[in-house]
Amino acid sequence: MENKKKVAFYTLGCKLNFSETSTIARNFQDEGFDRVDFEVAADIYVINTCSVTENADKQFKQIVKKAMKLNDKAFVAAVGCYAQLKPEELAAIDGVDLVLGATEKFKITDYINDLSKNDRGEVHSCEIEEADFYVGSYSIGDRTRAFLKVQDGCDYKCTYCTIPLARGISRSDALENVLKNASDISKQGIKEIVLTGVNIGDYGKGEFGNKKHEHTFLDLVQALDKVEGIERLRISSIEPNLLKNETIEFVSQSRTFVPHFHIPLQSGSNEILKKMKRRYLREVYTERVNKIREIMPHACIGVDVIVGFPGETDEHFLETYNFLNEMDISYLHVFTYSERDNTEAAEMPNVVPMNVRNKRSKMLRGLSVKKRRAFYENQIGTNRTVLFESENKEGFIHGFTENYVKVKTPWNPKLVNTLHEIKLSKIDEDGSVRLKFYNEKFQIPI
């Protein structure tokens, strides 16, 4: 029997990329390849790229170098968003043999019939208008939770964003297919599913490859809530204008959906929101947060925010800072604005100097620490359910409660991938929360 070819994967970027990497990896395994860890010598390295930040570009080069160090004869393929946007640029990087765009990445095994190194990367990348079909995917096997892709692409025209250029128009998976994938995941003993997509609140659009659709995001969550065997469902990130009150109300009474929302804001200044071509004003954001707090006071609310957008003055920034400071939210994901080719914002005047962007970013990151701490303090003494993860980190096992409080307790292999009723007892010096079990056999004095 001949030796199986070994393939290794590296994923940059979002949860959606993780779910797609897993699907691509399963395709390789179906074709008789052996999946190995990225840290070991492999015959093929597949790098799933991201184009959201400047950093992702630099990271890519470092990962290619790392692969070449492990095996200088290995075949290196780049797929994903950056591969769609800048295929020639990636192909020119030393060591890269194949670059596949948005539609080709799911057919990667068709392109890898000859594993000989190329002098220059070969590019197969469609015009993004052709990315109009849907490939369902989910990630499994890496974690306690699975990322289930329900939607791809975006019809929004935010002035800073390249995602529509990298992923094409908004399109959705068929409802029965999402339910089948969710059921398959639950049968593999995975306790939590995170719904992902580029713009998941737009779910339903493009079910038939056009703008017609039968289903909405609310239909999707209602149907998923009935799938047997799923313990927990989490909505990853949803636009404030697409997060309807009916969805918030449904989640508050749901069997499986957890009280955790991640809602991009991007700016607390209406003037900047208009320049960004976001589809809401800050008042809508306030309404959403107030609605969640009214019916789920214990919910976790995460916020995306961009600092240093062209034309953002000190006044605009302070508007954002004060808006977030006064709002009852739980944490922030802060992005420092970075110029992207072929976007409107890249041509805008009044560019904010990099040192100012960095200072603003630091201020909001400090605010995030304060917000998370306040949210955790508010949860001390409450009873929650925690799902434990699989890693032993310096003698501790970590996990997350349904409302996304990070907890830790002394390592016990029996706890891995199990759900437990606990009481949150105190905040540890590293910022995570200690707990007390209701089940005595797991109780270790703290």
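Cut-off values and rules
- Residues numbered from 1 in each chain as written.
- Predicted model: local features only at pLDDT ≥ 70, side-chain atom pairs only at ≥ 80, totals over all residues.
- Heavy atoms only, no water.
- Helix = DSSP H or I, 4+ residues; strand = E, 2+ residues; numbered from the N terminus.
- Buried < 20%, exposed > 50% of the residue type's maximum accessible area, 1.4 Å probe, protein only.
- Polar contact = N/O pair within 3.5 Å; in protein donor to acceptor, adjacent residues only side chain to side chain.
- Contact = heavy atoms within 4.5 Å.
- Phe/Tyr/Trp six-rings, centres within 6.5 Å; stacked < 30°, edge-to-face > 60°.
- Lys NZ or Arg CZ within 6 Å of the ring centre and 35° of its normal.
- Pairing = 2+ DSSP bridges.
- Salt bridge = Lys/Arg side-chain N within 4 Å of Asp/Glu carboxyl O.
- Core = buried A, V, L, I, M, F, W, Y, C linked by side-chain atoms within 4.5 Å.
- Axes fitted to C-alpha atoms, helices over the stretch in contact; angles between N-to-C directions.
- Arc of directions from axis to C-beta.

As for its placement among the helices and strands, Thr313 is situated in the loop between β13 (300–307) and α12 (314–326). Residues Thr313 and Ala92, 221 residues apart in the sequence, show an inter-C-alpha distance of 39 Å.

Negative phi is the rule for most residues except glycine; trans is the rule for most peptide bonds. Positive phi values are uncommon outside glycine, yet Lys277 reaches one of about 60 degrees. Position of Lys277 among the secondary structure elements: in the loop between α10 (270–275) and α11 (282–295). Accessibility expressed as a relative area gives 40% for Lys277, which makes it partly exposed. A positive phi is found at Asn350, a non-glycine position, where the angle reads about 55 degrees. Structurally, Asn350 can be placed in the loop between β14 (331–336) and α13 (354–379). With a relative accessible area of 57%, Asn350 lands in the exposed category.

With that settled, consider the side chain of Asn241. Along the chain, Asn241 falls in the loop between β11 (232–235) and α9 (245–253). We classify Asn241 as buried; its relative accessible area is 15%. Within polar-contact distance, the side chain of Asn241 engages the side chain of Tyr156 at 3.0 Å. With residues near it in sequence (within four places) discarded, Asn241 still touches Tyr156, Arg279, Tyr280 and Arg288.

This part covers the packing of aromatic side chains. Taken as a whole and judged by the stated rule, the model has 13 aromatic pairs. Ring centres of Phe9 and Phe28 lie 5.6 Å apart, and the angle between their planes is 70 degrees; this geometry places the pair in the edge-to-face category. With a gap of 19 residues between them, Phe9 in strand β1 (residues 6–11) and Phe28 in helix α1 (residues 15–30) connect regions that are remote in the sequence. By relative accessible area, Phe9 is classed as buried at 9%. An aromatic cluster is present here, built from Phe9, Phe28 and Phe33 joined pairwise through their rings. For Arg26, the ring lying beneath its charged end belongs to Tyr138, and the centroid distance is 4.2 Å. The ring of Phe396 is capped by Lys408, whose NZ or CZ atom sits 4.2 Å from the centre of that ring.

In terms of burial, strand β3 (residues 44–49) is largely enclosed, as 6 of its 6 residues are buried. What you see with β3 is no split at all: Ile44, Val46 and Asn48 on one side and Tyr45, Ile47 and Thr49 on the other are buried throughout. Sheet topology places β1 next to β3; 5 bridges connect them, and they run parallel. Bridge pairing in β3 places Tyr10 opposite Ile47. Of the strand pairs in this sheet, β3 and strand β4 (residues 75–80) are connected by 6 bridges, and their pairing is parallel. Counterpart to Ile47 in the pairing with β4 is Ala78.

A separate point is the pattern of salt bridges. Summed over all chains, the structure comprises 30 salt bridges. The salt bridge partner of Lys66 is Glu39, with a shortest N-O separation of 3.1 Å. With Lys66 in helix α2 (residues 54–70) and Glu39 in the loop between β2 (34–36) and β3, this residue pair connects regions lying 27 residues apart in the sequence. The salt bridge partner of Arg360 is Asp314, with a shortest N-O separation of 2.7 Å. Highlighted residues: Arg360 in helix α13 and Asp314 in helix α12, separated in sequence by 46 residues. Since its relative accessible area comes to 5%, Arg360 is described here as buried. We classify Asp314 as partly exposed; its relative accessible area is 48%. Each of Glu20, Lys105, Lys149, Asp152, Arg167 and Arg171 takes part in salt bridges that share partners, so that together they form one network.

The subject of this paragraph is the nonpolar core. Grouped together as the largest cluster of nonpolar side chains are 50 residues, with contacts concentrated most on Leu148, Leu195, Leu220, Leu224, Leu324 and Leu364. The dominant element in this core, judged by the number of residues it contributes, is helix α8 (residues 217–224), at 5 residues. If near-sequence neighbours (up to four positions away) are discounted, Leu364 is found in contact with Val305, Val307, Phe317, Tyr321, Leu324, Leu332 and Val334. Among the nonpolar cores identified, the runner-up in size contains 24 residues, and Phe38, Cys50, Val76 and Tyr82 belong to it.

As judged from the 5 bridges shared by strand β15 (residues 383–388) and strand β18 (residues 419–427), these two strands associate in the antiparallel manner. Bridge pairing links Thr385 to Glu421 in β18. With 3 bridges joining them, β15 and strand β16 (residues 396–401) adopt antiparallel strand pairing. Counterpart to Val386 in the pairing with β16 is Thr401.

We now examine the sheet that holds strand β10 (residues 192–196). Judged by pairing direction, the sheet is parallel, and its 3 strands sit side by side in the order β7-β10-β11 without closing on themselves. The outermost strands of the open sheet, each flanked by one partner alone, are β7 (145–149) and β11. Mean inter-strand twist for the sheet, computed between neighbouring axes without regard to direction, equals 25 degrees. With 4 bridges joining them, β10 and β11 adopt parallel strand pairing. Looking at the pairing, Leu195 lines up with Ile235 of β11.

An α-helical turn contains 3.6 residues, so any two residues separated by three or four positions project in the same direction. Among all positions in α8, only Phe217, Leu220, Val221, Ala223 and Leu224 are buried. Projected down its long axis, α8 shows its buried positions confined to an angular sector of 165 degrees, all on one face. Among the structural elements, α7 (175–187), β10, β11 and α9 are those in contact with the buried residues of α8.

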